[in-house]
Amino acid sequence: MSSIQINNVTKRFGEFTAVSDLSIDIEDGEFVALLGPSGCGKTTTMNMIAGLEEATEGEILFNGQDLSHTPIQQRNIGFVFQNYAIFTHMTVYKNLSYGLEVNNVPKDQITSRVAAMAKRMNLTHCLDAPAASLSVNEMQKLAIGRSAIAEPRIFLLDEPLSNLDAGFRAYMRSELKVLQREFGQTMIYVTHDQIEAMSLADKIAIIDQGKLMQYGSPLEVYNNPCNRFVANFVGSPKINLLDGQIKGANGSTKLITQGGAEVALQGKISSDFAKLKSSKGGSIGIRPQDIYFGEKRASDDIQLHGYVEELERVGPKRLVHLQVHRTQIVAEDERDALSIGDEVEFFLTADKCMAFDLDSGDRLTGGAA
Amino acid sequence: MVALLRPDEGSIVKTHKTRSVTIKRSFRSLAVKYALLLLACAVVMYPLFWMITMAFKPFDEWTTGSGLTWLPQNATLGNFEYLFYGQTEGLVVTLDRTIGGPLWASLVTSTCGTIIAVVAGTLSSYAVVRFNILPSLALSVLQLRLFPPLAVMIPVMVMWAFIGGVDTWWGLSLIYGIVTLPFAFWLMKTFFDEVPIEIEEAARVAGSSYWRVFYRITLPIVKPGLATCVLFVFILNWSDYLLALLLTQKEWVTLPVYMNTLNTALGEMYGMKAALGFIAAIPPIFLGLLIQKHLVRGLTFGALKQ
Ligand SMILES: Nc1ncnc2c1ncn2[C@@H]1O[C@H](COP(=O)(O)OP(=O)(O)O)[C@@H](O)[C@H]1O
Ligand SMILES: [Mg+2]
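Just so we're clear, the structure is a prediction, and the values are computed from it rather than from any experiment.

Trainee: Please give an account of the side chain of K57(B) that cites residues and values.
Mentor: Residues and elements named next belong to chain B. In this structure, K57 sits in the loop between α1 (2-55) and α2 (59-62). Despite its burial, K57 remains without a salt bridge, the nearest opposite charge being carried by E61 at 5.4 Å. Those residues in contact with K57, other than ones at most four positions away along the chain, are W62, T69, W70, L71, P72, T76 and N79.

The following block contains the structure:
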C-alpha cells in the first residue's frame with residue numbers, strides 16, 4: 001500500500017504534449033478515478049505511474065519516495081490493461097500464477113492463492129483451459145485477478161469495463177468496489193465514463209487534453225465544477241449551458257443568447273459576471289434538477305419562457321426538453337404535468353446557477369450578491 | 001389464362017437454358033483449370049519421380065544400353081550401397097570417398113548455420129522492434145543480400161583464409177549463418193511486430209525482468225514464427241552449393257558439392273546422384289514433420305480486444 005504524489009508531471013512525445021504539468025495527490029488506500037475523453041492522456045499517465053513510460057518533466061513519489069530508478073519489476077504494481085493483455089499462450093491457471101512464480105512465492109502458497117483468487121473471480125471452472133478460449137467477460141476477470149493476486153501496493157486499472165456489455169459492466173462495477181474494500185489498496189481507475197467515476201471513486205481527477213481540470217470528490221466536482229468543461233463532462237443528465245453576450249452594468253445585467261433570448265440576471269449570478277473580461281461572452285450553467293415550474297420561489301431566480309419540444313422518461317423522473325429562442329434547455333419536471341407543444345414559464349434556481357467565462361471556460365465567482 | 005401462362009413458361013425455359021449454359025461453361029473452365037494444374041503438377045513432380053525411380057535402378061537401366069523405362073525393371077539398392085560402401089556388384093570402378101563424410105558435413109554446417117542465423121536474427125529483430133535499438137539495422141541487414149553472392153565471394157574467401165576458416169565446420173557454419181541472417185531477421189521481425197506491447201508490459205509489471213519476459217512470454221507467443229524461420233533457414237543452408245564449393249576443399253565438403261564429384265571413368269553416375277538426392281531430401285522433410293504442428297498459417301493473438 002502506498003500514497004502517490006504526482007508532481008508537475010509533463011510527458012511529451014516529440015512535439016506533442018500528451019500530459020501537461022499534472023499534479024495529483026493520492027492518499028494511501030484511496031480510490032481515484034482519472035476521468036476524461038479519449039486521447040486526453042489517461043493511459044499515458046498510468047504508464048508513467050507504473051514506470052512503463054518515463055515522465056519528460058516532474059516526479060512521481062510513492063510514500064514520498066521517487067521510484068524512477070527502481071526497475072518496474074520491483075515496484076510491485078498491479079496493472080489491468082485497457083486491452084487486458086492476457087497471456088493467451090498459457091492456461092488460466094498459469095496466467096494467475098505468473099506473478100507469484102516470478103516473485104519466487106513457494107509452490108504450495110501459489111496453489112492455494114491461485115485457487116482462492118479463481119474462486120473470488122468465478123474462474124475455478126476454467127482454470128485448466130487455455131486463456132485464449134475465454135469470453136471477453138472472463139478475460140476481464142482474469143486480467144483483474146492476475147493483477148490483484150500478488151497484492152500489489154497500488155492497483156492501476158485502465159478502462160477495465162469499456163469492452164464489456166452493459167449488464168456485465170454494472171455487475172463488475174459493484175464487484176470492483178467490493179474488491180477495493182477487501183484489498184484496501186490504493187487504486188487508480190481510468191475511465192471516460194463519468195457515471196463509473198462518480199459511482200466508484202473517492203476522488204476524481206478530470207483531465208482534458210493532458211491538463212488537470214479539477215481534482216476532488218465526486219460531489220465536489222458535481223456541485224462545484226471549477227470550469228465549463230468539468231460542468232459539462234460531469235453529471236447525467238447533462239448540465240444546461242446558456243451561452244451568450246453579457247450586456248449591461250451591475251444591477252441590471254442581461255445575457256443575450258445567439259437565438260436572441262434575453263435573460264435578465266440579478267443578485268449573485270449578476271455580480272459573478274461582473275468579473276467577466278473576455279469579449280466572447282459568458283455562459284450560465286444550470287443542472288436540470290435545479291429548474292422548476294410553477295410559482296417563483298426566490299426573487300433572484302431567473303424566469304424564462306419556452307415551449308415543450310420533447311418529453312423523456314428516465315426512470316421515475318421526467319425530463320422536459322424546452323426550447324427558448326432556439327436554445328435547448330433540459331429540465332426535470334417533478335409535477336409530470338406537461339405535454340409536447342405546451343408554452344410554459346420556468347425558473348432557474350438562482351443560487352444553483354454557475355457563471356463561466358466562455359473564452360477560457362473558467363468559473364466566475366464574484367463577491368457578495 | 002393462356003396468355004398469362006405463356007410468358008411464365010417462357011421465362012422458365014429461359015432460366016433453364018441459361019443455367020445449363022453456365023453449367024457447361026463452368027465445366028469447361030473447370031476442365032481447363034484442372035488440366036493446367038495437372039500440367040503444373042507434372043512439371044514439379046516429374047523430376048522428383050525421375051529422382052526416386054532412378055535411385056533404385058541398376059547401372060544398366062540408367063545407361064541407354066537396355067532402353068529407358070518409367071519404373072525400375074530390377075529394383076536395387078545398389079546405388080545406395082555404392083554411396084555408403086564405395087563399391088557395388090557389377091561396377092568395377094570404386095568410389096574413394098563415400099557419402100558419410102559429406103552427409104555429416106552438411107548436417108553439421110546447416111544446423112550450426114541455422115542456429116547462428118536464427119538466434120542472431122531473433123535477438124536482433126526483437127531489439128529493433130521492442131527497444132528501437134539501431135533501427136537502421138533493419139535495412140542494413142538486407143545489404144547482405146543486395147549483391148550477387150559471387151561478387152563478394154573472393155573477399156570472403158580471402159577473409160576466411162585469413163581467419164583459418166576455410167574447410168572447417170565452423171568456417172562454413174559461420175558464412176551460412178551470416179548469409180541467412182537477413183531472412184531470419186525479417187521473418188522474425190514481422191512476427192515480433194504482431195506481439196502487442198501490453199502483453200509484455202503486463203509481464204514486466206508482474207515482476208519479470210526483460211530477459212524473462214522475452215523467453216517466457218514473447219518467444220512462446222511467436223513460436224509458430226520461430227518454427228517457420230528454422231525450417232526456412234535450414235532449407236536455404238542445406239541446399240547451398242556455391243559457398244560450400246568455394247570454402248571447402250576436402251574435409252568438410254557438403255552433399256551438393258559432393259554430388260558433383262560423382263563422376264567416374266564411366267561417365268556421370270546418374271543412379272548414384274539420384275540416390276544421393278533421395279537421401280538429401282530426407283532431413284528437411286524430417287525437420288518439417290517434426291515442427292509441423294507449430295507451423296500455423298496465421299498467428300492468433302486472440303485475447304486482444306482493441
Ligand atoms: N507512444 C506514443 N507516441 C506518440 N503519441 C502518443 C504515444 N502514446 C500516446 N500518444 C498520444 O498521446 C495522447 C494521449 O494518449 P492516451 O494516454 O493513450 O489517451 P487516453 O486518455 O485515451 O488513454 C493521444 O493523442 C495519443 O495519440
Ligand atoms: Mg487509454
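Trainee: Residue-level account of the site of ligand 1, with values.
Mentor: All names here are of chain A. Lining the immediate environment of ligand 1, one finds F13, F16, A18, S38, G39, C40, G41, K42, T43 and T44. Between C40 and ligand 1, the recorded distance is 3.2 Å, taken from a backbone N or O atom to an oxygen atom. One of the backbone nitrogen or oxygen atoms of G41 is found 3.1 Å away from an oxygen atom of ligand 1. Going through the elements one at a time, β2 (16-26) and α1 (42-50) are the ones with two or more residues in the shell around ligand 1. At three residues, α1 tops the list of elements feeding residues into the shell around ligand 1. Considered class by class, the residues forming the shell around ligand 1 number four nonpolar, five polar and one charged.

Trainee: Account for the environment of P316(A), with residues named and values stated.
Mentor: Residue and element names in this part refer to chain A. Relative to the assigned elements, P316 resides in the loop between β16 (302-314) and β17 (317-324). With relative accessibility at 79%, the residue P316 sits in the exposed group. It is 24 Å that separates the C-alpha atoms of P316 and G306, two residues lying ten residues apart in sequence.

Trainee: So what's going on with the nonpolar core? Which residues, and what values?
Mentor: Of all hydrophobic cores here, the largest spans 53 residues; its most connected members are L156(A) and I217(B). Not counting residues within four places of it along the chain, the set of residues in contact with I217(B) comprises F87(A), H89(A), M90(A), Y98(A), I199(B), A203(B) and R212(B). Counting 46 residues, the second-largest nonpolar core is a separate cluster that includes A33(A), V80(A), I110(A) and F155(A).

Trainee: Run through the interface of chain B and chain A, naming residues and quoting values.
Mentor: At the junction of the two partners, chain B supplies 20 residues and chain A supplies 23 residues. For the pair chain B and chain A, the interface holds one salt bridge. For the salt bridge of R216(B) with E101(A), the shortest nitrogen-to-oxygen distance reads 3.7 Å. Elements supplying a minimum of two residues to the side of chain B that touches chain A: α8 (197-205) and α9 (210-221) of chain B. With seven residues, α8(B) is the single largest residue contributor to the side of chain B that touches chain A. When grouped by side-chain class, the residues that make up the side of chain B that touches chain A number ten nonpolar, four polar and six charged.

Trainee: Account for the coordination of the magnesium ion (ligand 2), naming residues and giving values.
Mentor: Residue and element names in this part refer to chain A. Here the magnesium ion (ligand 2) is held by T43 (OG1) and Q82 (OE1), and the distances to it run 2.0 to 2.6 Å. Of the two residues, T43 is situated in helix α1 and Q82 in the loop between β6 (77-80) and α2 (92-102); the sequence distance between them amounts to 39 residues. Its relative accessible area of 32% is what places Q82 among the partly exposed residues.

Trainee: Quick rundown of the sheet that holds strand β19 (residues 343-348) of chain A? Include the residues and the values.
Mentor: Residues and elements named next belong to chain A. What the five strands build is an open sheet, ordered β15-β19-β16-β17-β18; its pairing is antiparallel. The sheet is open, and its two edges are formed by β15 (291-293) and β18 (327-332), each paired on a single side. Each neighbouring strand pair of the sheet contributes to a mean axis angle of 45°, computed without reference to strand direction. As defined by bridge partners, β16 adjoins β19 across six bridges and the pair is classed as antiparallel.

Trainee: Can you explain the domain arrangement of chain A? Please cite residues and give values.
Mentor: Residue and element names in this part refer to chain A. Domain boundaries in chain A define domain 1 (4-232) and domain 2 (239-357). Its C-alpha centre places domain 1 at a distance of 39 Å from the equivalent point of domain 2. With eight residues of domain 1 in contact, the opposing surface of domain 2 contributes eight residues. Both faces combined, the contact of domain 1 with domain 2 buries some 710 Å², and carbon together with sulfur accounts for 54% of it. When the buried area of domain 1 at its contact with domain 2 is split by residue, Y222, R228 and A231 rank highest and sum to 74% of it. Where domain 1 meets domain 2, there are one salt bridge.

Trainee: Please set out the packing of helix α4 (residues 136-148) of chain A against helix α5 (residues 166-183) of chain A residue by residue, giving values where relevant.
Mentor: Residue and element names in this part refer to chain A. Remark: α4 packs on α5, axes separated minimally by 12 Å, with the N-to-C direction vectors making an angle of 10°. What the angle tells us is that α4 and α5 run roughly parallel. Each of N137, Q140, K141, I144 and A148 in α4 lies in contact with α5, whose residues at this interface are F168, M172, L176, L179 and F183. Among the residues forming the contact of α4 with α5, the class breakdown is seven nonpolar, two polar and one charged.

Trainee: Tell me what's going on with the environment of A40(B), and back it up with residues and numbers.
Mentor: Relative to the helices and strands, A40(B) resides in helix α1. Separated by 226 residues in the primary sequence, A40(B) and L266(B) have C-alpha atoms spaced 35 Å apart.

Reading the values: rules and limits
Residues numbered from 1 in each chain as written. Chains lettered and ligands numbered in written order. Predicted model: local features only at pLDDT ≥ 70, side-chain atom pairs only at ≥ 80, totals over all residues. Heavy atoms only, no water. Helix = DSSP H or I, 4+ residues; strand = E, 2+ residues; numbered from the N terminus. Buried < 20%, exposed > 50% of the residue type's maximum accessible area, 1.4 Å probe, protein only. Lys, Arg positive; Asp, Glu negative; His and termini not counted. Salt bridge = Lys/Arg side-chain N within 4 Å of Asp/Glu carboxyl O. Contact = heavy atoms within 4.5 Å. Near = heavy atom within 4 Å. Polar contact = N/O pair within 3.5 Å; in protein donor to acceptor, adjacent residues only side chain to side chain. Nonpolar A, V, L, I, M, F, W, Y, C, P; charged D, E, K, R; others polar. Core = buried A, V, L, I, M, F, W, Y, C linked by side-chain atoms within 4.5 Å. Donors = N, O, S within 2.8 Å, 3.2 Å for Na, K, Ca; no water. Pairing = 2+ DSSP bridges. Axes fitted to C-alpha atoms, helices over the stretch in contact; angles between N-to-C directions. Domains from an automatic or database assignment. Buried area = accessible area lost by both parts, 1.4 Å probe. Parallel < 35°, antiparallel > 145°, perpendicular 65-115°, else oblique.

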